Amino acid sequence: MTSSAFDGVLHRLARAIDGGDGDPGAWITLDEDIRALLRRGGDVPATPAWPSGDPAQPPTTPELALALCGPDGRVREASLRYVSRSPALLPLVVIRCSDWAAPVRERARAVLREELPGVTPEALGALVAVALRTGDRLRGDSAREALTLALREGPASGVTAQLGSGDRAVRRLAHRIAVDRGILSPTRLAEIAARGPDVIVQDLCATAALAAAGGPPDPAVLAPLLSARQGRVRAAGVTGLRRAGRAREAERFLYDRSALVRACARYVLRQAGTEPLSLYRAACAAGPGTADKVPPYAPVGLAECGERAVDVPVLWELIGHERPEVRAGAVAGLRLLDAVRPQRLVPLLDDSSPRVVRETARALHPWADHTPAHAGPARPVAVPAPSTAPPPPADESRALSARAWLLGIVGSVRRPDRARRGGS
């Protein structure tokens, strides 16, 4: 074995064995790079010469790695018998399970089946990560199925050890299997749904928590769901209020920032015999001058289930509300009810709240063709040179950007558009 081939991969191999950056792709890249390196120059001796089978001279871990990844299929197949001495190289065995040479493939699958029972839960996660990466290869399904089966039928510790895996695919698979096997309690599932970083896992665990809770869900299950940051998780908690006999508590979620949560709250209240539209109208009837009585998302909720002829006048009143979040909600409600009047909304492009400006720009975008030239607000004054004035605050900058964006649209439709007229 040439020293250049050995030295060239020693450091990378050590990093992969130690875990490196936790990327299973490191093993796949190492396999490809070793093979390309040996094809360019360094040779692994032929099978009859090495591995010799002499117990007194077993290959070292780097030598075995080179042999497992080499271009000669006979050497790859022969080297598999030594993997039990170097279990850290099992990720390469997983890769060899999808080898293009049938003898190598079959031998690697047999070795993997023999070694899996003794693999620690931590090492199992690394193998699963590599198998999921290579599972889409032409013959990669065998290792993926074997390792998935090891999670489904092995000790529960093997599954729970993967729940916090840094690899997203492994983490999602582990949670699916944990749910199928009933390893996690409903309370634990609810906590994962409320605090987990992965939205796929959040949805899975929120649904599973309510299903596993059985009859009336325990308050310990509903509490994390209802307080979660993710709207889909809160929506699951709101639907659970009906089963828990707490439908009246859904009223406060009529004013949630998530449209899905608001829709679920309306459903729960209707099932309990309460009409949410009357609640929305009562909340919005407070009108201007009562800043603490109008929930920020009440105007949007009113538009989502209201009647255009009855509720549009209320929304027009709320565009003058002293709280910017209520003004923005009223503008959004007018857009949902298709009640936008550009002449009345354009002045809101000069609102002091970036949130109101964004909602107004969004509402007026389809109406740019209908905006009269004299209806726009005054153009923003030029910002002083950077050398004489500090940059504007972030909120003000965003507001100016939204205003300039819409005014640019309005200005563009005032100019003749030769392409639209079919001119040359």
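Everything numeric in this text was worked out from a predicted model, so none of it was measured.

Engineer: How do you make sense of the overall build of the protein when you look at a structure like this?
Structural biologist: Along its length, the protein carries 23 helices and zero strands. The buried share of the protein, taken over its 424 residues, is 46%. Taken as a whole, the protein presents about 21000 Å² of accessible surface, with 52% of it coming from carbon and sulfur.

Engineer: Where do I start with the side chain of Asp198 in this structure?
Structural biologist: Looking at where Asp198 falls in the secondary structure, it is placed in the loop between helix 11 (186-195) and helix 12 (199-212). Judged by its relative accessible area of 5%, Asp198 is buried. Look past the residues within four positions of Asp198 in its chain and what remains in contact with it is Arg168, Arg171 and Arg172.

Engineer: Teacher, can you tell me more about the packing of aromatic side chains here?
Structural biologist: For any pair of aromatic rings, geometry is given as the distance between the ring centres together with the angle between the planes. Within the structure shown, the criterion is met by one aromatic pair. Ring geometry for Tyr255 and Tyr280: centres 5.7 Å apart, planes at 85°, overall edge-to-face. With a gap of 25 residues between them, Tyr255 in the loop between helix 14 (231-243) and helix 15 (259-271) and Tyr280 in helix 16 (residues 276-284) connect regions that are remote in the sequence. Accessibility assignment for this pair places Tyr255 and Tyr280 in one class, buried. Here the guanidinium or amino end of Arg344 rests over the ring plane of Trp316, the centre of that ring lying 4.0 Å away.

Engineer: I would appreciate a short explanation of the pattern of salt bridges in the present structure.
Structural biologist: For side chains of opposite charge, pairing can occur when their charged atoms come near one another. Under the definition given, this model contains 25 salt bridges. Note that Arg270 is salt-bridged to Glu275, the shortest N-O span being 4.0 Å. Overall, Glu275 belongs to the partly exposed group, its relative accessible area being 40%.

Engineer: Help me understand the packing of helix 2 (residues 25-40) against helix 3 (residues 61-69), please; the structure alone is not making it clear to me.
Structural biologist: When two helices pack together, you describe them by how their axes are tilted relative to each other and by the distance separating the axes. Remark: helix 2 packs on helix 3, axes separated minimally by 8 Å, with the N-to-C direction vectors making an angle of 85°. Judged on the interaxial angle alone, helix 3 and helix 2 are roughly perpendicular. Contact with helix 2, carried on its side by Asp31, Ile34, Arg35 and Leu38, involves Ala65, Leu66 and Cys69 of helix 3 and no other residues of that element. Counted by class, the contact of helix 2 with helix 3 contains five nonpolar, no polar and two charged residues.

Engineer: Mind showing me how you'd approach the side chain of Arg76 here?
Structural biologist: With respect to the helices and strands, Arg76 occurs in helix 4 (residues 73-79). Sequence-distant contacts of Arg76, defined by excluding residues within four places in its chain, comprise Ala67, Leu68, Cys69, Gly70, Pro71, Arg96, Asp99, Trp100, Ala101 and Val104.

Engineer: In this structure, what is going on with the confidence of the model for the protein? I would like to understand it.
Structural biologist: Predicted coordinates in regions of low pLDDT should not be interpreted in detail. Looking at the protein as a whole, the pLDDT averages 83, with 78% of positions reaching at least 70. Within the protein, the lowest mean pLDDT, 38, falls on helix 23 (residues 418-421), and the highest, 97, falls on helix 15. Note that residues 378-389 has pLDDT below 50 and, in this model, six contacts with residues that lie over four places away or in other chains.

Engineer: Help me understand the layout of surface pockets in this model?
Structural biologist: Empty pockets left among the atoms are what a rolling probe the size of a water molecule brings to light. Roughly 240 Å³ of internal volume is contained in the second largest pocket. In terms of lining, the second largest pocket is formed by 15 residues, of which the most central are Leu116, Leu124, Ala150, Gly154 and Pro155. Among the elements that take part in the lining of the second largest pocket, helix 8 (residues 141-153) stands out by supplying five residues, more than any other.

Engineer: Please explain the environment of Glu307 as it appears in this structure.
Structural biologist: Looking at where Glu307 falls in the secondary structure, it is placed in the loop between helix 17 (298-305) and helix 18 (308-318). Residue class for Glu307 comes out partly exposed when judged on its relative accessible area of 44%. Residues Glu307 and Leu337, 30 residues apart in the sequence, show an inter-C-alpha distance of 8.1 Å. With sequence-adjacent residues up to four places away left out, Glu307 is seen in contact with Arg281 and Val312.

Engineer: It is not clear to me how the state of the cysteines should be interpreted in this structure. Could you clarify?
Structural biologist: Note: disulfide means a covalent bond formed between the sulfur atoms of two cysteine side chains. Scanning the model with the defined rule gives zero disulfides in all. Free of any disulfide, Cys305 has its nearest cysteine sulfur in Cys284, 9.6 Å distant.

Engineer: What is the right way to look at the nonpolar core in this model?
Structural biologist: Grouped together as the largest cluster of nonpolar side chains are 108 residues, with contacts concentrated most on Trp27, Val238 and Leu345. Not counting chain neighbours up to four residues away, the residues in contact with Trp27 comprise Leu13, Ala16, Ile17, Ala88, Leu89, Pro91, Leu92, Ile95 and Val130.

Rules behind the numbers
Residues numbered from 1 in each chain as written. Predicted model: local features only at pLDDT ≥ 70, side-chain atom pairs only at ≥ 80, totals over all residues. Heavy atoms only, no water. Helix = DSSP H or I, 4+ residues; strand = E, 2+ residues; numbered from the N terminus. Buried < 20%, exposed > 50% of the residue type's maximum accessible area, 1.4 Å probe, protein only. Areas by Shrake-Rupley, 256 points an atom, 1.4 Å probe, with all protein chains shown as cover. Contact = heavy atoms within 4.5 Å. Phe/Tyr/Trp six-rings, centres within 6.5 Å; stacked < 30°, edge-to-face > 60°. Lys NZ or Arg CZ within 6 Å of the ring centre and 35° of its normal. Salt bridge = Lys/Arg side-chain N within 4 Å of Asp/Glu carboxyl O. Axes fitted to C-alpha atoms, helices over the stretch in contact; angles between N-to-C directions. Parallel < 35°, antiparallel > 145°, perpendicular 65-115°, else oblique. Nonpolar A, V, L, I, M, F, W, Y, C, P; charged D, E, K, R; others polar. pLDDT = per-residue confidence, 0-100. 1 Å grid on protein atoms, 1.4 Å probe; cavity = no way out; pocket = protein on both sides within 12 Å on 5 of 7 lines; lining within 4 Å. Points joined across faces, edges and corners; volume = space filled by probe spheres on them. Disulfide = S-S within 2.5 Å. Core = buried A, V, L, I, M, F, W, Y, C linked by side-chain atoms within 4.5 Å.

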